[in-house]
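# Structural overview
Take a look at the letters that make up each chain.
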2 protein chains.
Amino acid sequence: MLEEILKRIRPTEEEIKEISNLAENVIKNIYDVANEKGYNILEALWLGSSARNTHLKGDHDIDIFILFDKSVSIDELEVIALDIGKEVIKRLNGKCQINYASHPYIQGIVGKYKVDIVPCYKINFGEKIISAVDRTPLHHKFLIERLDEKLCDEVRLLKAFLKSLNLYGSDVKTKGFSGYLCELLILHYKSFLNLLNDAKDWGERKKIILNDIFELYKNPKFREFDEPLIVYDPVDLNRNVAAPLSRENYCKFIFFAREFLKNMNEEFFNDYYKKLEEKLENRDKGFILTLKFPKTEVDDIIYPQLEKFQKSLNKLIEQNEFKILNCKCYTDSDYAYIEWEFLVYQLPKIKLRDGPEVFEKERVEKFIKKYDKVFIKGCKLYAFTERKYCHILELFKDIIEGKIKNISKPKHIDIKSGVILWKQAT
Amino acid sequence: MLEEILKRIRPTEEEIKEISNLAENVIKNIYDVANEKGYNILEALWLGSSARNTHLKGDHDIDIFILFDKSVSIDELEVIALDIGKEVIKRLNGKCQINYASHPYIQGIVGKYKVDIVPCYKINFGEKIISAVDRTPLHHKFLIERLDEKLCDEVRLLKAFLKSLNLYGSDVKTKGFSGYLCELLILHYKSFLNLLNDAKDWGERKKIILNDIFELYKNPKFREFDEPLIVYDPVDLNRNVAAPLSRENYCKFIFFAREFLKNMNEEFFNDYYKKLEEKLENRDKGFILTLKFPKTEVDDIIYPQLEKFQKSLNKLIEQNEFKILNCKCYTDSDYAYIEWEFLVYQLPKIKLRDGPEVFEKERVEKFIKKYDKVFIKGCKLYAFTERKYCHILELFKDIIEGKIKNISKPKHIDIKSGVILWKQAT
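Here we summarise the structure given alongside this text. (Residues numbered from 1 in each chain as written. Chains lettered and ligands numbered in written order. Predicted model: local features only at pLDDT ≥ 70, side-chain atom pairs only at ≥ 80, totals over all residues. Heavy atoms only, no water.)

## Comments concerning the overall build of chain A
- A tally of helices and strands in chain A yields 14 helices and 15 strands.
- In terms of overall dimensions, chain A has a C-alpha envelope of 85 × 50 × 50 Å along the principal axes.
- Buried residues in chain A amount to 54% of all 426 residues.
- Considering only contacts in chain A between residues 6 or more positions apart, those separated by 24 or more positions represent 64%. (Helix = DSSP H or I, 4+ residues; strand = E, 2+ residues; numbered from the N terminus. Buried < 20%, exposed > 50% of the residue type's maximum accessible area, 1.4 Å probe, protein only. Contact = heavy atoms within 4.5 Å.)

## What to know about the relation of the copies chain A and chain B
- With an RMSD of 0.2 Å, chain A superimposes on chain B once it is rotated by 179° and translated 0.1 Å along the axis. With respect to symmetry, the two chain copies, as superposed, fit the operation of a two-fold axis. Of the C-alpha atoms belonging to chain A, the one lying closest to the rotation axis is found on Val344 of chain A, 3.7 Å away.
- Comparing interface residues between copies, 100% of those in chain A also lie at the interface in chain B; the contact surface is shared. (Least-squares fit on C-alpha atoms with pLDDT ≥ 70 in both.)

## Focus: the pattern of salt bridges
Residues and elements named next belong to chain B.
- The full count for this structure, using the stated rule, is 86 salt bridges over all chains.
- A salt bridge links Arg247 to Glu204; the shortest N-O distance between them is 2.7 Å. Linking Arg247 in helix α10 (residues 247-262) with Glu204 in the loop between α8 (192-199) and β6 (206-208), this pair joins segments that are 43 residues apart in sequence.
- Notably, a salt bridge pairs Glu281 with Arg283, separated by 4.0 Å at the nearest N-O pair. (Salt bridge = Lys/Arg side-chain N within 4 Å of Asp/Glu carboxyl O.)

## Points about the packing of α8 of chain B against α10 of chain B
All names here are of chain B.
- Put simply, α8 and α10 touch, their axes get as near as 8 Å, and they point 115° apart. Note that α8 runs across α10; the crossing there is left-handed. In this structure, α8 uses Phe192, Leu193, Leu195, Leu196, Asn197 and Ala199 to contact α10, whose residues at the interface are Phe253, Ile254, Ala257, Phe260 and Leu261.
- Here the contact of α8 with α10 is built from residues that sort into 10 nonpolar, 1 polar and no charged. (Axes fitted to C-alpha atoms, helices over the stretch in contact; angles between N-to-C directions. Left-handed = near helix turned anticlockwise from the far one by under 90°. Nonpolar A, V, L, I, M, F, W, Y, C, P; charged D, E, K, R; others polar.)

## Details of the pairing of strand β10 (residues 323-331) of chain B
All names here are of chain B.
- As defined by bridge partners, β10 adjoins strand β11 (residues 335-344) across 8 bridges and the pair is classed as antiparallel. Bridging from a neighbouring strand, Asn326 pairs with Glu341 of β11.
- What sits between β10 and β11 in their antiparallel hairpin is a turn of 3 residues. (Pairing = 2+ DSSP bridges.)

## Topic: the interface of chain A and chain B
- Facing 56 residues of chain A, the contacting portion of chain B comprises 56 residues.
- Of the roughly 4,800 Å² buried at the junction of chain A and chain B (both faces included), carbon and sulfur atoms supply 63%.
- Where chain A packs against chain B, one counts 8 salt bridges.
- With a closest N to O distance of 3.4 Å, Asp372 of chain A and Lys279 of chain B form a salt bridge. (Buried area = accessible area lost by both parts, 1.4 Å probe.)

## Some points on the side chain of Glu259 of chain B
- Inspection of the secondary structure assignment puts Glu259 of chain B in helix α10.
- Beyond its immediate chain neighbours, meaning those up to four positions away, Glu259 of chain B contacts Glu365 and Ile368 of chain A together with Phe268 of chain B.

Written out as structure tokens, the structure reads:
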């Protein structure tokens, strides 16, 4: 069955040839431009999964890195790399734009291929990085020396499995497995099935140390990490490659590893997650309320803020005794959304306030000074008071009108620009 | 101020004279009838609060006890006492009925007075009782030797204070302070205000041992009791006179002792509790639902069952995710009622079911076998299922139709005879 899957996900010979030709062409052009303009670059390297042959069919990303000497200033590095990049894409008849990660780089579209031209400093194993991507050439060196054709196919199976489960990608939205993490896991476990067989028994926390680390370092020292999955980066032992993986996704991986091993079905490689979501959505609903905001930033920036904001609103909702069934954040190209489904969204005006035990004299005094309709039940004081919000919509109106203090205000979301959308419960 | 109260609650000279005349008359008649019929009785005694002058104005209860030798069988005792009682009330031109406590006794109405003629065995301090009321003559002996006029007035103040707070009476409905307990407390604290001054600082548990106990017993041994207030009966150290007092009422007493001492207001003696209740009732309401049952037994029997039944229904209500604001039991002459006020009484069809953590393999297996729409959030499994009861009325219809297992079935309440009454929330 896995062989069948591989046939579907392995890039064709033709695809591979085309990518490799284009990559070589980009590199040749980089050297040409650098020579012509007299720029001092050390190397131009084809890196990333397509360079290592661990990419999936239809993955048309080509990563070319320009390596600089550490004596070059970061400003100079940026200027030179952008200049070379622009010129190279132009000569290949592509379109290009400047993208921003830790520093700006050129992203070009050449035919159906996406070509990233990224500058970095050349460092050696164990050396400190200057820019965030300086490790990438070392990652490539480490992997290319160890991955054979068989292992590359196993990486592909893992990636396709994770993709179908919505667990592939280390961005702040997905919080899943990066490509590099997939490659290290396969190096360690030798095969996709070996990995799943081990993962099905993982507990609250799993630590993985590649054997190669003991060959590369004389006295390796391993930092403690707080994340559920810990995979030490062979290129930098102070780094956990699995750091972006959320606890929830770690658990999902364990769960679906078991499910797949119980029932090795092709379904698991075909948008399995979407089908699960459809199955879950096909049900009665509670009261659904959505906050919609104009999107002023990219997902990478907006997602953590949406999640933090929702968390702080959840507290507020619970304080007001409404009951959440489910909640989520999502975005489209123009808007950011925070959505809730409610079990309890309407309450009577009357509210019960818990007070102290009769024996706590001082607290009792405060309580009866503060509240009027006080009574004793069991050993404790209670008071009837009036509820401020009888319907969840009243609370949300005050939220977007900025009338509520003590909630975390997100930096890049303008609360007052929010719109409330809602559907009556079925 | 307390002197003013006393003027109001102290029986008039005329009242006292009338009661005492009637009591003497009853006793004379008892001896007469016993002589005429040749019944072997030891004594006829006027007992209770009116005999000790600790009763409140308008309290027209006269307790007359007929004491028998321990050699008389319980059956004989009952027959003789009922026969004498009936004849005596007849001779006084009263009406009479047989009442049942631990054993039957005669209750007569003579003019505006209620005359109880109760048989018991004569025992001494420290001797075992045969019938439940055998201690009463000893209680009287103990108190009458110690209470002077001043103390009797202090008892009256305490009784009136407790009555106004709905804390007077040791029946299963009130769960408050018995008359005898009031008298012992005043004996111990010497005055109403002394008692309140001490009570305001009482903690979770208060133990009171009268000094007289050390005079009456050589090596008194004190049992442990589990109740919040412990007052050893000087007539029987194995008995806690405050046993019927509920924890809630113990707390109320402490609370209102403080309130009264802060603000010595006559209000506290004038149906204070009813006024508090009126104040509490004057508010918005949740959804109010009442179960109404034909009353087939007296309050003493029905109350504990109503409370137990309500407790078990409360569990059921919470299991179904409805939320109670308040609940109570009450009766009138023909019906028993259990009432709830709900904060949440309506829910969407959809229900969220908590599952195990992903790591608990076996429980995970069971969970996914049982439920269809399963998902992972954080570290745990959840499932969407359907709710059986979307409205509290649906649940209660099944309750009175006897469709729900696992609830405690009360002995003297026929669930299926129940009627549901409800009011829409404001």
